[in-house]
Amino acid sequence: MSFEIIRKTGEIAFVANPIAFEVKTSGEAEIEIRLRVGAQEVFSASYVPFGDRIHFDIAEILQPFVTSGPLEDSEDLILPVSGFMAGYTLEVKGQETRTLTGKVICGGISKQAAREMAGRGMDFILNRLRDYSSQFLFTTRTRGKHIAIRETEVSPLIFIHPDKRIQVESEYGNRIKLPEGTAGEIYALNIGRIRREFFHRYNQIVSFIRVLVPAEEAFDISFTPGEVSENGLSFLFRNSLGCYEVIEMPGKMICSLDRGDDENYRTFDEEGGDYITGRPRPDLLQKMKLNTGFKRKTELKFIQDLLSSDDIRLLNGTARRRVLVTCEEYGYEEPMKELTSLVLDIEVAERESNYTPDMDGENAPPFIELLPGEVEIPSEGGQVRVRVESNIMWEVV
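Here we look at the sheet that holds strand β4 (residues 31-37)
Now for step 1: Spatially, five strands are ordered β2-β9-β8-β4-β5 in an open sheet, and the strand pairing comes out mixed. At either end of the open sheet lies a strand with only one pairing partner, and these are β2 (12-14) and β5 (40-47). Ignoring which end each strand starts from, the neighbouring axes of this sheet average 30° apart.
Now for step 2: Sheet topology note: the strand β8 (residues 85-93)/strand β9 (residues 97-105) ladder contains nine bridges and is antiparallel. Across the sheet, residue Gly-87 finds its bridge partner in β9, namely Lys-103.

What follows is the structure, encoded as structure tokens:
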């Protein structure tokens, strides 16, 4: 029985979207498929045509073979990212055997975006993430060529490396050539480190950079000051494209504890000669409510991706606590004529039965917001050296 593969995915596909194939057959005999990742066969099956068609989707099978996690701080300007992409081989066998190869990466796009791209005859990865004349980072802040980001939200952003060398230019016209990478492999643009490099090389505190491939501008990034708030929070979360981003939420916050069900018991008190009520240490669940303050539509869309994330971490110094973030009344006027605020419900992902004061106590050295560069500042006792903390804050040492 002869067959024809009439539908297949592109060279690279998102694991969170269908990786679907359609085979047209000339008879009713079975079609056998075998799927390999590397040298390992991970799936095999036989299909009987329905009419003259066979449909199958391998996305769920490939899910365990790709992974993404927060990137560690590094002095490298671009970071190789392992585990984010995996190659596969698909064999379709009837009277003859046909072999297809492809790659799968973390993340996915919305059904609406998929329909939009399909209607234009375009592929999101090829025409958005591998279009090096435009913005190609795995960010969900924007699909446009201009990215605006607070200094307190800077983090490495993933991209697929082009076959050309990347340069970065400051608003002062100075350029830095980034290290060469392997075309088609996954890297992360270490934006905080690049800003510090401009300071070290040129003694410039940059608030704007252009990304050039190799000499033509692809997109730009502008840096705005972080918002000062006594009660605000910052979150590190995995966005829909599989890349971890930071979002700052300055606003009014209320903290509470949920004790859960009491498990009291009766025990005999020898001193009093009677039974008394006791209890084990209760497991306490920390909850918070955060009013985000008034946000623009693009910020609300970014918060929507936060609410959909399967991995959210509350940033507090060097600690990263997993949390669940929900919003009972998410919404905004369309078209949006005025800024809108939201109330977020935040729940720490683990219960605690013990309490420990902050490690640094009340005498912890203050954090000082500074732009990149190792500098000394005057104090009552003379000069105080400051160093970077997570590419965002500086701490007195």
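Things to note about the sheet that holds strand β3 (residues 20-25)
Now for step 1: The three strands are arranged β1-β3-β6 in an open sheet whose pairing can be described as antiparallel. A single partner strand is all that each edge strand has here, and the edge strands are β1 (3-7) and β6 (53-57). Averaged over all neighbouring strand pairs, the angle between strand axes comes to 25°, with direction disregarded.
Now for step 2: Judged from the four bridges that link them, β1 and β3 form a sheet pairing that is antiparallel. Pairing of Arg-7 across the sheet is with Glu-22, part of β3.

Remarks on the environment of Tyr-88
Now for step 1: Along the polypeptide, Tyr-88 turns up in strand β8.
Now for step 2: Relative accessible area serves as the criterion here: at 4%, Tyr-88 is assigned to the buried category.
Now for step 3: Sequence-wise, Tyr-88 and Val-42 are 46 residues apart; in three dimensions their C-alpha atoms are separated by 9.8 Å.

Some remarks on the environment of Glu-328
Now for step 1: By secondary structure assignment, the location of Glu-328 is in the loop between β24 (319-326) and β25 (343-348).
Now for step 2: Under the relative-accessibility criterion, Glu-328 is labelled exposed at 69%.
Now for step 3: The sequence separation of Glu-328 and Asp-345 amounts to 17 residues, and the corresponding C-alpha distance is 7.9 Å.

A closer look at the nonpolar core
Now for step 1: Formed by 71 residues in total, the largest nonpolar core has its most connected members in Phe-136 and Phe-138.
Now for step 2: In terms of residue count, β8 provides more of this core than any other element does, five residues in total.
Now for step 3: Aside from chain neighbours lying at most four places away, what touches Phe-138 is Phe-14, Phe-84, Ile-105, Leu-129, Ile-158, Phe-159, Ile-160, Asn-239, Leu-241, Cys-243 and Glu-245.
Now for step 4: One finds Leu-233, Met-288, Leu-300 and Phe-302 within the second-largest nonpolar core, a separate group that totals 20 residues.

Brief notes about the packing of aromatic side chains
Now for step 1: Under the criterion given, the structure shown has twelve aromatic pairs.
Now for step 2: Taking 6.2 Å as the distance between ring centres and 85° as the angle between the ring planes, the aromatic pair formed by Tyr-330 and Tyr-332 counts as edge-to-face.
Now for step 3: The class for Tyr-330 is partly exposed, based on a relative accessible area of 28%.
Now for step 4: An aromatic cluster of at least three residues, connected via ring pairs, comprises Tyr-132, Phe-136, Phe-159, Tyr-187 and Phe-219.
Now for step 5: Of note, Arg-195 hangs over the ring of Phe-223, and the distance from its end group to the ring centre comes to 4.3 Å.

What counts, and at which threshold
Residues numbered from 1 in each chain as written. Predicted model: local features only at pLDDT ≥ 70, side-chain atom pairs only at ≥ 80, totals over all residues. Heavy atoms only, no water. Pairing = 2+ DSSP bridges. Helix = DSSP H or I, 4+ residues; strand = E, 2+ residues; numbered from the N terminus. Axes fitted to C-alpha atoms, helices over the stretch in contact; angles between N-to-C directions. Buried < 20%, exposed > 50% of the residue type's maximum accessible area, 1.4 Å probe, protein only. Core = buried A, V, L, I, M, F, W, Y, C linked by side-chain atoms within 4.5 Å. Contact = heavy atoms within 4.5 Å. Phe/Tyr/Trp six-rings, centres within 6.5 Å; stacked < 30°, edge-to-face > 60°. Lys NZ or Arg CZ within 6 Å of the ring centre and 35° of its normal.

Nothing here speaks to function; it is geometry throughout.
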